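# Observations on the model geometry
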Amino acid sequence: MCRHTYLIPLFVFLGTGATGATLYLLRLALFNPDVCWDRNNPEPWNKLGPNDQYKFYSVNVDYSKLKKERPDF
């Protein structure tokens, strides 16, 4: 039996926090429209339509009902 059993919750919470932070950073790096990994298309945010949801969490916005209010580039 381990002598320091009171350290187990510390390692569990630290591991969970580190895993969550890593997954969130990966999500930001791969799916955020502000990050560009494609050298052929330096402005991928122009392809986003008004119905595309790119925020992680939105409280009062229904993206399926938004209309286009911006010019074409």
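Residues numbered from 1 in each chain as written. Predicted model: local features only at pLDDT ≥ 70, side-chain atom pairs only at ≥ 80, totals over all residues. Heavy atoms only, no water.

By the naming in an unreviewed UniProt entry, the chain goes by Cytochrome c oxidase subunit NDUFA4 and is assigned to Theropithecus gelada. Listed in UniProt under the heading Sequence similarities (unreviewed entry), the comment for the chain reads: "Belongs to the complex IV NDUFA4 subunit family." (UniProt positions renumbered as here; feature names shortened; annotations may be inferred.)

### Considerations on the overall build of the chain
Tallying secondary structure elements over the chain gives one helix and zero strands in all. Residues classed as buried in the chain amount to 5% of the 73 residues present. Just so you have it, the chain exposes about 7100 Å², and 61% of that area is on carbon and sulfur atoms. (Helix = DSSP H or I, 4+ residues; strand = E, 2+ residues; numbered from the N terminus. Buried < 20%, exposed > 50% of the residue type's maximum accessible area, 1.4 Å probe, protein only. Areas by Shrake-Rupley, 256 points an atom, 1.4 Å probe, with all protein chains shown as cover.)

### Re a nonpolar patch on the surface
Taken together, the side chains of Leu23, Leu26, Leu30, Phe31, Val35 and Trp37 present a nonpolar region at the surface, about 710 Å² in accessible area. Secondary-structure assignment places Leu26 in helix H1 (residues 8–31). Exposure remark for Leu26: the relative accessible area of 44% places this residue in the partly exposed category. (Patch = residues over 30% accessible without salt bridge, like charges linked within 9 Å, V, L, I, M, F, W, Y side chains within 5 Å. Salt bridge = Lys/Arg side-chain N within 4 Å of Asp/Glu carboxyl O.)

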